[in-house]
Structures are given as structure tokens and as C-alpha cells.
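# Examining the three-dimensional arrangement
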Amino acid sequence: MTMMRYAEALNAALREEMQRDPSVFVFGEDVGRYGGVFKVTRGLQDEFGEIRVRDTPISEQALSAMAVTAAMTGTRPVLEIMYADFLPLTLDALINQASIYNYIWNGQVKLPFVLRTQGGGGAGAGAQHSKVLDGLIAHIPGLKVVAPVTPADAKGMLKSAIRDDQPVVFLEHKLLYNQRGEVPDDEDFIIPLGKARTLRQGRDVTLFATSKMVLECEKAADLLEADGISAEVIDLRSLRPLDLPAIKESLARTHAAVVVNEGWKFCGYSAELSATIMDHCFDDLDAPVERVAMPDMPVPYSEPLENAMLPNAEKIRAAARRAVA
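Residues numbered from 1 in each chain as written. Predicted model: local features only at pLDDT ≥ 70, side-chain atom pairs only at ≥ 80, totals over all residues. Heavy atoms only, no water.

### Considering the layout of surface pockets
Empty space within the largest pocket amounts to approximately 430 Å³. In this structure, the largest pocket is lined by 21 residues; those nearest its centre are G135, L136, H139, G268 and Y269. Looking at the lining of the largest pocket, the elements that each hand over two or more residues are α6 (134-138), β12 (238-240), β13 (257-264) and α10 (269-281). Considering every element that reaches the lining of the largest pocket, the biggest residue donor is α10, with 5 residues. Residues of the lining of the largest pocket, tallied by class, amount to 12 nonpolar, 6 polar and 3 charged. (1 Å grid on protein atoms, 1.4 Å probe; cavity = no way out; pocket = protein on both sides within 12 Å on 5 of 7 lines; lining within 4 Å. Points joined across faces, edges and corners; volume = space filled by probe spheres on them. Helix = DSSP H or I, 4+ residues; strand = E, 2+ residues; numbered from the N terminus. Nonpolar A, V, L, I, M, F, W, Y, C, P; charged D, E, K, R; others polar.)

Printed below as a string of C-alpha cells:
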């Protein structure tokens, strides 16, 4: 095991997969000479050259179409979209190409590419650089969507995503890049996509989240313990495919659910997850599912206003208390 920052774990995953498979290449805005806006691709161009680590013009629509075509013709591209706010520019390629080609060509076409991007608030980056659009992307059948929170998961899930034969959207949070944790040194260490992780077992309520919201759920669980409430924390890790068995198993124990998501509440991922829980676990619930998410407005540039909007441990604590009341 090696202690690494989240960004370093992603870098290690990219390096190991590029060493392992010559068909893997990385491209995107500032990924080469600059090493990526958050330095995830630092040093890769020096090691693998400009052909396999390519700087590109600013055109997310063109880049996503290039990723689809490159994947169809035998390579495994890893495309970095600098901010999740720019994902809407990629939607034609994702919706009308990447997500459906395997289906319309009856399995004859593989699309092994990864689209990496980062989003999330808390850095004072304003309305155009702080969005969480996981619900928008997870809505599309044919795409896999993941959002790991720990450095170990970041490395293991990125390696799985690169090896997958279908498109994967890999969501990162800008405030996680400096998080540190132990990461296995094994170059074949992978984490299967679609498997949740139980961080903390509890008896009274289950807190479900992905990405940075998992950290807020852990803080909330500590606060709830002081209230005499035993909270289970589930890191879903994978938004699609979703680990429904893990959800059902947890709610069979706790009988109460709080869904936490940094995206917008209306029509967001929290809405779909709540509906899924109601569809499959209704008989196990003693109360309606509680949701903690962002209000329906742009992210303010003012940091005090931004922090007032963001889901946090206190808001999760209040939701959990309502769920078990």
C-alpha cells in the first residue's frame, strides 16, 4: 500500500493502463504539456509522447465525437473534459452515438472509451464551473457512470473503466483531488463497476451517497451517534449500474433511508434513487425516503452563499432525524 492523493491515484491508474495496453491514449484540453488543470495527467506526455497524450483545441463537441470514433476503430481513448459544466456539449456523441451503437449494431461494435470530468461546488468557482450533472448523464441507457470518493476507489475504478468494452463517464470532484488515502500497489488492482461499499454499519437509518457527499454522510453519522441514532453509510460509487442488492440489504436492516446528492433536487439523481428505493424496498420502509440535494438555482460565486446551498452534515443529520421520528 502507498499513501497517495486522489489526483495521484488517478495518475497512477492512467500510467499503469497505458503501460499495460498500447491502445490506451489520453487526450483533452491541457492534458499534455500542462499536465491537466488539476495535474491528474502530470508527467504522462513526457513518458508516452505527444501521440498518446494529446493536447487539443477547446471543442468538447468535437472531442467527444473523436472519442467515439477512436473507440470504434480499435483504441481505448481516455478523454478529459475540463469541467462537468461542459458536458452538455458532449451530449450528441453520448446520446446519439456512444450509448446506442452496441445496440443498433447487435453487439458487433464495441466502444471502450472513458470520459473523465470533474465538478462540484465548494471552491468559489461560480455558476459555470461548479455543477454536478450526474443525473443528466446517468439518465442515458447504455452509459456507465461512476463517482468514487477515495483514492483507492479512484484508481481501481478508473482501471476497470479503461478495461471496459463500453463507454464509461468517470465523475470526479474538485475538492477530492488532495484527499489522501492508502492505495494498493498491485497493477492489477481493480474495483468492479456497479458495486457499492458499506463504510459504516448502523441500525436505524441508511445514508446513501456518492463522491464528496459520502464524506458529509460520514460526518453526519458521527453527529447522529451523539443523538442516539445509529446510521449506516453506503457509498454507492457507481450511479449506473446501481447496486440494488446492497441497497435492499441495508434497508432490510435499518428501515429508513436518506439520499444525499450534490446535484439539483428536481429531476436529479436523488429523485431517481428515491423512486428506485420506493419501487423495490417499500415494504421495508417505516417512513418516506428523505432527500438532501441542491436547491433549484445556479451556484453563487459568493462562497458564503455557495456554502449555504450545498448539502452538508447538518442538513443530512436533520433529514435522518425526520426519517426516524
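### So, the packing of aromatic side chains
With the rule as written, the count across this model stands at 5 aromatic pairs. Ring centres of F38 and Y177 lie 4.9 Å apart, and the angle between their planes is 25°; this geometry places the pair in the stacked category. One end of the pair, F38, is in the loop between β2 (24-28) and α2 (44-52); the other, Y177, is in the loop between β7 (168-173) and β8 (180-183), and 139 residues separate them in sequence. You can call Y177 buried: its relative accessible area is 4%. Clustering of aromatic rings is evident, with ring pairs tying together Y6, F38, Y83, F86 and Y177. Note that K39 overlies the ring of Y34, its terminal NZ or CZ placed 3.4 Å from the centroid. (Phe/Tyr/Trp six-rings, centres within 6.5 Å; stacked < 30°, edge-to-face > 60°. Buried < 20%, exposed > 50% of the residue type's maximum accessible area, 1.4 Å probe, protein only. Lys NZ or Arg CZ within 6 Å of the ring centre and 35° of its normal.)

### Structural notes on the side chain of E216
As for its position among the elements, E216 is in helix α8 (residues 213-226). Apart from residues no more than four positions distant in its own chain, E216 is found in contact with P311, N312, A313 and I316. (Contact = heavy atoms within 4.5 Å.)

### Thoughts on helix α12 (residues 313-324)
The end-to-end C-alpha distance of α12, which contains 12 residues, comes to 17 Å, matching closely the 16 Å that a straight helix rising 1.5 Å per residue would cover. Every buried residue of α12 is accounted for by A313, I316, A319, A320 and A323. For α12, the arc enclosing every buried residue in end-on projection is 125°, short of the 170-degree limit, so these residues lie on one face. As for α12, its buried residues are in contact with β10 (205-209), α8, β13 and β14 (290-294). (Expected span 1.5 Å × (residues − 1). Arc of directions from axis to C-beta.)

### A look at the pattern of salt bridges
Under the criterion given, the structure shown has 28 salt bridges. The shortest N-O distance in the salt bridge between D227 and R317 comes to 2.7 Å. One end of the pair, D227, is in the loop between α8 and β11 (231-235); the other, R317, is in helix α12, and 90 residues separate them in sequence. Looking at D227, the relative accessible area reads 26%, which means it is partly exposed. With a closest N to O distance of 2.4 Å, E232 and R253 form a salt bridge. Taken together, the residues E232 in strand β11 and R253 in helix α9 (residues 244-254) connect sequence positions 21 residues apart. Owing to a relative accessible area of 0%, E232 belongs among the buried residues under this scheme. (Salt bridge = Lys/Arg side-chain N within 4 Å of Asp/Glu carboxyl O.)

### Some points on the nonpolar core
Among the nonpolar cores identified, the biggest contains 50 residues, and V205, L207 and V258 are the most heavily contacted of them. Within the second largest apolar cluster, 45 residues are counted, among which are V68, L111, L143 and I247. (Core = buried A, V, L, I, M, F, W, Y, C linked by side-chain atoms within 4.5 Å.)

### Considering α9
Considered for burial, the residues of α9 that qualify are L244, A246, I247, S250, L251 and T254. The arc that holds every buried residue of α9, seen down its axis, measures 155°, which confines them to one face. Along α9, the residues that are exposed and aim more than 90 degrees away from the buried face are P245 and E249. Elements that come into contact with the buried residues of α9 comprise β10, β11, β13 and α10. Where α9 begins, the side chain of D243 points an oxygen toward the backbone nitrogen of A246, at a separation of 3.2 Å. (Polar contact = N/O pair within 3.5 Å; in protein donor to acceptor, adjacent residues only side chain to side chain.)

Note that all results are geometric; they support no functional claim without further evidence.
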